[in-house]
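In case you want the letters, here they are:
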Amino acid sequence: MYIIKGGETLYGKIRVQGSKNSSLPILAASILNGRKNTIRDVPKIKDIAVMTEILSYLGADIIRDNNLMVVDSGNVNCSDVPEHLMREMRSSIVLMGALLGRFGKAKVSYPGGCEIGPRPIDLHLKGLAQMGVEFGEGHGFIYAKTDKLRGADIHLDFPSVGATENIMLAGVLAQGTTIIRNVAKEPEIVDLQNFLNRMGANIKGAGTDTIKIEGCKIDDLQQVEDYTIIPDRIAAGTYLVAAAITNGHIWLTNVIAEHVEPILAKLREMGCMINCSNGVIELYVNKPLNSLDSLRTLPYPGFPTDMQAPMMALLSTVEGTSILVETVFENRFKHAQELRRMGANISINGNTAIIKGVDKLTGAMVEAKDLRAGAALIIAALAAEGETYVEGVCHIERGYENIEDNLAALGAKIVKKD
Ligand SMILES: CC(=O)N[C@H]1[C@@H](OP(=O)(O)OP(=O)(O)OC[C@H]2O[C@@H](n3ccc(=O)[nH]c3=O)[C@H](O)[C@@H]2O)O[C@H](CO)[C@@H](O)[C@@H]1O
Ligand SMILES: C=C(OP(=O)(O)O)C(=O)O
């Protein structure tokens, strides 16, 4: 558990980790070329450890040196992903597109991930089926197989991040052209496109509504000599919110302001002072923050659902009533009941949270049930009176690299105990 003594004002500079949600599909993409790929700024987090274990199981030779990873997929010869690893994290599903591309088959089980409501994969399966993939199911496994992966014109019913990535990965080695419409526009999709194009793929359009992929042959793909993962916009947002709740003053480095803008816009609206220049984001608070009468989570470039829980913690401490609507996931409010244990006044009605700011939060025993809920509880604890004990470290470590050391370096009183 983390033990946090609240009341310290955060001050200082922090370098943002590489993106979890970029690293995972990019590591899966390394399967495609059967060559040695060198990837920098891969965060040291649990989800990456799981992905590494899966790739090794499949036959990849992996060298990890701090945040550098070299993935040689030359000896990958297996397309069955072990169930226990598959269940450890949601994004393991993107292995399906990469394995289908390389081997024309994949055996996976339904993926795991955060407890944030049902997370179907129908859009992944529908898109891949249009590309000639046949699916069988049994005992919780999905057997995917194709004699010939072929390009298709696919319209996604919803701009799903994972479905966009899976279809992109399958499209690289498909025969002909794949067009994906109504795709996710998240920066991580652009990062995946950039990595794949560095490999020799021919993909255009990431960051817009439509992606076009001209399929190629494995022999056309080269090794990726040196690729750096983009900064993690959700980790950046988390540290900004942590600073805001303590009336702090921080400077983020290794950050792309444009990617964080949907979060910055809301923090500015609350009264935070924010400057972005020369690749640094500075945030400080010089007056009481105000509530937000409308905060809706949306696909990028809307406000990210992954920042909803941290924002709820912050809104719990500002004067006035805030309305927060979660439109992306059906059941992503589990942190509300834990924040209530700390004195927050939050009521939930369907996908809407009504947050009435309280004068103070107080330390309590709380439990993180998912990754961002964990971040929210840590943030609340930083501002709470007394000590907070946050259980569920394993969820937090799925996505945050050294969060306790980073916050401690900014002045927080936080320790991790087994
Ligand atoms: C590893 C990774 O990158 N995870 C991110 C990714 O998750 P993930 O890729 O799982 O999120 P999606 O964009 O696919 O899901 C968004 C919504 O679409 C629904 N849906 C999705 C696929 C499908 O086949 N059918 C379907 O109905 C989901 O249930 C959810 O309600 O994007 C989410 C939305 O920004 C983020 O919260 C996650 O941090
Ligand atoms: C929901 C998240 O991750 P995943 O999709 O890996 O569960 C997240 O990063 O907040």
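This one's a predicted model, so the numbers in the text were calculated from it and none came from an experiment.

Rules used in this analysis
Residues numbered from 1 in each chain as written. Chains lettered and ligands numbered in written order. Predicted model: local features only at pLDDT ≥ 70, side-chain atom pairs only at ≥ 80, totals over all residues. Helix = DSSP H or I, 4+ residues; strand = E, 2+ residues; numbered from the N terminus. Rg over C-alpha atoms; globule rule 2.2 N^0.38 Å. Buried ≥ 20, exposed ≤ 12 C-beta atoms within 10 Å, placed from the backbone. Contact = placed C-beta atoms within 7 Å. Near = placed C-beta within 6 Å. Nonpolar A, V, L, I, M, F, W, Y, C, P; charged D, E, K, R; others polar. Domains from an automatic or database assignment. Pairing = 2+ DSSP bridges. Axes fitted to C-alpha atoms, helices over the stretch in contact; angles between N-to-C directions. Parallel < 35°, antiparallel > 145°, perpendicular 65-115°, else oblique. Left-handed = near helix turned anticlockwise from the far one by under 90°.

Peer 1: What's the story with the overall build of the protein chain in this structure? I'm lost.
Peer 2: Within the protein chain one finds 14 helices and 23 strands. A compact globule built from 418 residues would reach a C-alpha radius of gyration of about 22 Å, and the protein chain, at 21 Å, matches this within 12%. Considering only C-alpha atoms, the protein chain reaches an extent of 65 × 40 × 40 Å along its principal axes. Across the 418 residues of the protein chain, 52% fall into the buried class.

Peer 1: Please explain unusual backbone geometry as it appears in this structure.
Peer 2: Backbone geometry follows two general trends: most residues other than glycine have a negative phi, and most peptide bonds adopt the trans configuration. Note that the residue after Tyr300, namely Pro301, is joined by a cis bond; omega there is 10 degrees. The backbone of Asp41 sits at a positive phi, close to 65 degrees, despite the residue not being glycine. Take Asp41: it is sitting in the loop between β3 (36-40) and α2 (46-58). What makes Asp41 buried here is the crowd of 22 C-beta atoms within 10 Å. The residue Asn182 is not glycine, and still its phi comes out positive at about 55 degrees. Mapped onto the elements, Asn182 comes out in the loop between β10 (177-181) and α7 (187-199). The exposure class of Asn182 is partly exposed, given the 17 C-beta atoms found within 10 Å.

Peer 1: Got a minute to help me understand the environment of Ile354 in this structure?
Peer 2: Of note, Ile354 is situated in strand β20 (residues 352-356). Assessed through the 13 C-beta atoms surrounding it within 10 Å, Ile354 is described here as partly exposed. Separated by 92 residues in sequence, Ile354 and Pro262 place their C-alpha atoms 21 Å apart. Each residue touching Ile354, except ones within four places of it in the same chain, is listed here: Thr321, Ile323 and Ser347.

Peer 1: Sorry, what's going on with the site of ligand 1 here?
Peer 2: Ligand 1 sits among 20 residues. The nearest are Asn21, Leu123, Ser160, Val161 and Gly162. Contributions of two or more residues to the shell around ligand 1 are made by α1 (20-29), α5 (122-130) and α6 (161-172). Across the shell around ligand 1, the residue classes break down as 10 nonpolar, 6 polar and 4 charged. For the shell around ligand 1, the domains that each give at least three residues are domain 1 (2-16 + 231-416) and domain 2 (20-228).

Peer 1: I tried to follow the pairing of strand β14 (residues 249-253) on my own but got confused; where do I start?
Peer 2: In β14, alternate side chains face the same way, and those of Ile250 and Leu252 are buried while those of His249, Trp251 and Thr253 on the opposite face are not. Pairing analysis gives 4 bridges linking β14 to strand β16 (residues 280-284), with the strands arranged antiparallel. Note on β16: the bridge partner recorded for His249 is Tyr284.

Peer 1: Teacher, can you tell me more about the sheet that holds strand β13 (residues 227-228) here?
Peer 2: Note: strands within a sheet are paired through backbone hydrogen bonds, in either parallel or antiparallel orientation. Reading across from one edge, β4-β5-β3-β13 is the order of the 4 strands in this open sheet, with mixed pairing throughout. This sheet does not close on itself; its edge strands, each paired only once, are β4 (61-65) and β13.

Peer 1: Would you explain the packing of helix α8 (residues 233-245) against helix α12 (residues 371-383) in this entry?
Peer 2: The relative placement of two packed helices is expressed as an angle between their axes plus a distance between the axes. Relative to each other, α8 and α12 sit at 20 degrees, their axes nearing to 8 Å. Of the possible angle classes, the one that applies to α8 and α12 is roughly parallel. Handedness of the α8/α12 crossing: right-handed. Together, Thr238, Val241, Ala242 and Ile245 of α8 and Ala375, Ile379, Leu382 and Ala383 of α12 make up the contact between the two elements. Split into classes, the residues belonging to the contact of α8 with α12 amount to 7 nonpolar, 1 polar and no charged.

Peer 1: Is there a simple way to think about the pairing of β20 in this case?
Peer 2: Residues in a regular strand point their side chains to alternate faces of the sheet. Here β20 shows a clear split, with Ala353 and Ile355 buried on one side and none of Thr352, Ile354 and Lys356 buried on the other. Bridge count for strand β18 (residues 321-325) against β20 is 5 bridges, and the pairing is antiparallel. Directly across from Thr321, in β20, lies its bridge partner Lys356. Pairing between strand β19 (residues 345-349) and β20: 5 bridges, direction antiparallel. Residue pairing in the sheet places Ile348 in a bridge with Ala353 of β20.

Peer 1: Help me understand the sheet that holds β18 in this model?
Peer 2: Judged by pairing direction, the sheet is mixed, and its 4 strands sit side by side in the order β17-β18-β20-β19 without closing on themselves. One side of each edge strand has no neighbouring strand; the edge strands of this open sheet are β17 (295-296) and β19.

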